[in-house]
Amino acid sequence: ELISSLRSKLQTLWEERELVLSEARECAERGEELEAMVRDVCKPNEFERYMMFIGDLEKVVSLLLCLSSRLARVQNAMRRIDGNTDAEEKQSLNERHKLLSRQREDAKDLKENLDRR
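This structure is a prediction, so every number in the text was calculated from the model and none was measured. (Residues numbered from 1 in each chain as written. Predicted model: local features only at pLDDT ≥ 70, side-chain atom pairs only at ≥ 80, totals over all residues. Heavy atoms only, no water.)

> I tried to follow the UniProt feature "domain: ASD2" (unreviewed entry) in the protein chain on my own but got confused; where do I start?
UniProt records the feature "domain: ASD2" (unreviewed entry) at residues 1-117, using the numbering of this structure. Taken end to end, residues 1-117 is 91% helix and 0% strand, and its two terminal C-alpha atoms sit 55 Å from one another. (UniProt positions renumbered as here; feature names shortened; annotations may be inferred. Helix = DSSP H or I, 4+ residues; strand = E, 2+ residues; numbered from the N terminus.)

Quick look at the structure:
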């Protein structure tokens, strides 16, 4: 039963993976179409500014995703803390959590500034 359940879950994950990859390809195609349209209607210097903006936006979104992922892993580790966990490890996790939280807030501020721009 356990093997059957694991196979079923694995199959579901593969299907979801394919769906995500398909959506990523569609988004990439739309992005290329949008880039071509912007290139057609903008002056070269405006298009360059647009491309710089898109590059900055991609970097900030990637940073937010990375920090959120790392923060989630630390939070999961903090939930698993029990009476056998030493004080040093608890302190280390708390410090990492605070640092990642601050970094994520800074990244959110960057994203908000980009959105206003």
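> I would appreciate a short explanation of a nonpolar patch on the surface in the present structure.
A contiguous nonpolar patch, built from L10, L13 and W14 and spanning about 330 Å² of accessible area, is present on the exposed surface. For L10, the location among the structural elements is in helix α1 (residues 2-41). (Patch = residues over 30% accessible without salt bridge, like charges linked within 9 Å, V, L, I, M, F, W, Y side chains within 5 Å. Areas by Shrake-Rupley, 256 points an atom, 1.4 Å probe, with all protein chains shown as cover. Salt bridge = Lys/Arg side-chain N within 4 Å of Asp/Glu carboxyl O.)

> Please clarify how the nonpolar core should be interpreted in this entry.
Among soluble globular proteins, nonpolar side chains are generally buried collectively. Core analysis: the biggest nonpolar cluster contains ten residues, these being V60, L64, L67, L71, V74, A77, L93, L100, A107 and L114. Looking at this core, the element that brings in the most residues is helix α2 (residues 44-79), giving six residues. Setting aside chain neighbours within four positions, we find V74 in contact with L93, R96, H97 and L100. (Core = buried A, V, L, I, M, F, W, Y, C linked by side-chain atoms within 4.5 Å. Buried < 20%, exposed > 50% of the residue type's maximum accessible area, 1.4 Å probe, protein only. Contact = heavy atoms within 4.5 Å.)

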